[in-house]
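# A look at the structure
Chain by chain, the residues:
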Amino acid sequence: MLLGKYSFGTGDRFAQQGEAQLRALMKASQEIGTDIVPVWNKSNREHQIVGSTPAAVRREAEDAVTALGYGGQWFTDADHINMSNVDKFIDDSDFFTIDVADFIGKPEADDAVEAFIERSLKAAAELKLPVDASEANLRRVAANYLYAVREAGRIYRHIEERKGHGRFVAEVSMDEAAASQSPADFIFILRELALEGVEVQTIAPRFHGSFHKGVDYVGDVGVFAIQFEEYMQAIDLAVERFGLPPSLKLSIHSGSDKFSLYPVIGSISKRYGRGFHLKTAGTTWLEEVIGLAMTEEAEAVRLVKLIYSQAVERCDELCLPYSTVIDIKPEGLPTPSEVNSRSGRQIAAALRHIPGHPEYNPDMRQLVHVAYKIAAENMDAYLAALHRNALAVGLEVEANIYDRHLRRLFDLP
Ligand SMILES: [Zn+2]
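About the criteria used
- Residues numbered from 1 in each chain as written.
- Predicted model: local features only at pLDDT ≥ 70, side-chain atom pairs only at ≥ 80, totals over all residues.
- Heavy atoms only, no water.
- Axes fitted to C-alpha atoms, helices over the stretch in contact; angles between N-to-C directions.
- Helix = DSSP H or I, 4+ residues; strand = E, 2+ residues; numbered from the N terminus.
- Parallel < 35°, antiparallel > 145°, perpendicular 65-115°, else oblique.
- Contact = heavy atoms within 4.5 Å.
- Nonpolar A, V, L, I, M, F, W, Y, C, P; charged D, E, K, R; others polar.
- Donors = N, O, S within 2.8 Å, 3.2 Å for Na, K, Ca; no water.
- Buried < 20%, exposed > 50% of the residue type's maximum accessible area, 1.4 Å probe, protein only.
- Pairing = 2+ DSSP bridges.
- Right-handed = clockwise from strand over helix to strand, strands pointing away.
- Core = buried A, V, L, I, M, F, W, Y, C linked by side-chain atoms within 4.5 Å.
- Domains from an automatic or database assignment.
- Buried area = accessible area lost by both parts, 1.4 Å probe.
- Salt bridge = Lys/Arg side-chain N within 4 Å of Asp/Glu carboxyl O.

For the rest of this paragraph, the subject is the packing of helix 10 (residues 298-313) against helix 14 (residues 362-369). Put simply, helix 10 and helix 14 touch, their axes get as near as 10 Å, and they point 90 degrees apart. Here helix 14 runs roughly perpendicular to helix 10, going by the angle between their axes. On helix 14, the residues that touch Y308, A311 and V312 of helix 10 are M364, L367 and V368. Tallied by class, residues from the contact of helix 10 with helix 14 come to six nonpolar, no polar and no charged.

As structure tokens, then:
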């Protein structure tokens, strides 16, 4: 089961927008003449907050695929799983993002470290690996990553025993690590994954800069471009010389809306003839809120205002699970009474991510992004509003993915 060249991870908190998401991807696929494979992703954290199940994600995807007569590849991703929670994803997922960030820096046994150094010194000399393969550097790589790679192997084999060989796509993610991986780190991580028998097809490194949810990249785009290219070269090498699957590619856990990076990702990938997996966060939910506000339907706008005022009140609680991936300045948040006096369209303009737009408010956008728990607590009213306004909301979701993401990634007209 080899993953297609381009794939796009899309999250959907309430499993209502599968068709809109797929429509955007099918439209862009037609433009570029290559399938952009949809991957519906949802993390354990999200399932817990919403009270949803992997089976519901699968059903949403199946319904969308059937409704639109889509005949290409598609997957449902058990996002950021580890050994403690993987089991509940086995039946309804065929893409597994094995998160080993928490295991980086854990000490591995001395004899395992020595064996790693011995085989790596030998491989570096034989394969002429273009990185610092001094013993001191290998010791550093081992101290940081050897245990994490073993853990990836343990989880991979656990999944393989249950799903069967070749019946799923494996990603290894380290994007939530504290520090970036050097090219040497990355090459030896890939080599050790190959030796562990992990047929990894996408790998998510920790890039330079901040990838806060739902807002643009904060960091040096030039440094990102250099890193992206170094990782890309490491992947070419790993496929050629370590025997990893030919479909192996970088996975970018973008947190959505990394508008300044998309052209860089697109053009470097094109130059290397190797695709990428771009994972977005559950910003589809934000587009639902924007779509509801845009309708100016009294009940829908009232619900949006209720969500915002409760979000301000419960800001600390809602932000806590996302503290490392959001950056909200409280002084940038309008008060609930201020927002209550606005029209739906004014609220939509504040939430919609158009950099430079005078009404755009990134603090408000990020707060609403993490406030989906409030919609989950008012699920009947929220779903009823979505159903009453299904067409308008769906168009908002589709346009967001196509116009703001895919257009920039694939340089579409
Ligand atoms: Zn991630």
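So that's the structure; there's more coming.
Further remarks concern the coordination of the zinc ion. Those protein atoms acting as donors to the zinc ion are H80 (NE2), D175 (OD) and H253 (ND1), and they sit at 2.0 to 2.2 Å. Read from N- to C-terminus, the donor residues coordinating the zinc ion fall into the pattern H-x94-D-x77-H. Here the residue D175 occupies a position in the loop between strand 5 (169-173) and helix 6 (183-196), and H253 occupies one in strand 7 (residues 249-253), the gap between them amounting to 78 residues. A relative accessible area of 12% means that H253 is categorised as buried.

Bringing the pairing of strand 7 into the picture now. Most of strand 7 sits inside the fold, with five of its five residues counted as buried. In terms of strand pairing, strand 6 (residues 200-204) meets strand 7 through two bridges, oriented parallel. Bridge pairing in strand 7 places T202 opposite K249. Following the chain from strand 6 across helix 7 (residues 221-241) to the adjacent parallel strand 7, one finds a crossover that is right-handed. As paired strands, strand 7 and strand 8 (residues 276-279) are joined by four bridges and run parallel to one another. By the bridge assignment for strand 8, S251 is matched with H277. For the segment spanning strand 7, helix 8 (residues 262-272) and strand 8, crossover handedness is right-handed.

Buried together is how nonpolar side chains tend to be arranged in soluble globular proteins. The biggest cluster of nonpolar side chains holds 121 residues, and the ones touching the most others in it are L190, I203, I265, Y382 and L406. Ranked by residues supplied to this core, first place goes to helix 5 (residues 135-163) with 11 residues. A domain split of this core shows at least three residues from each of domain 1 (6-282) and domain 2 (284-389). Other than its neighbours up to four places away in sequence, L406 contacts F8, A24, L25, A28, I36, I401, D411 and L412. W40, V57, A61 and A64 belong to the second largest nonpolar core, which has eight residues in total.

When the parts come together, some accessible area is lost, and that loss is often what is quoted as the size of the interface. In terms of domain boundaries, the chain breaks down into domain 1 (6-282) and domain 2 (284-389). A separation of 30 Å is found between the C-alpha centroids of domain 1 and domain 2. With 22 residues of domain 1 at the interface, the matching set in domain 2 holds 26 residues. Buried surface at the junction of domain 1 and domain 2, summed over both partners, amounts to about 2000 Å²; 63% is from carbon and sulfur atoms. It is F14, I49 and K213 in domain 1 that bury the most area against domain 2; as a group they hold 32% of the surface buried on that side. Our enumeration of links across domain 1 and domain 2 arrives at one salt bridge.

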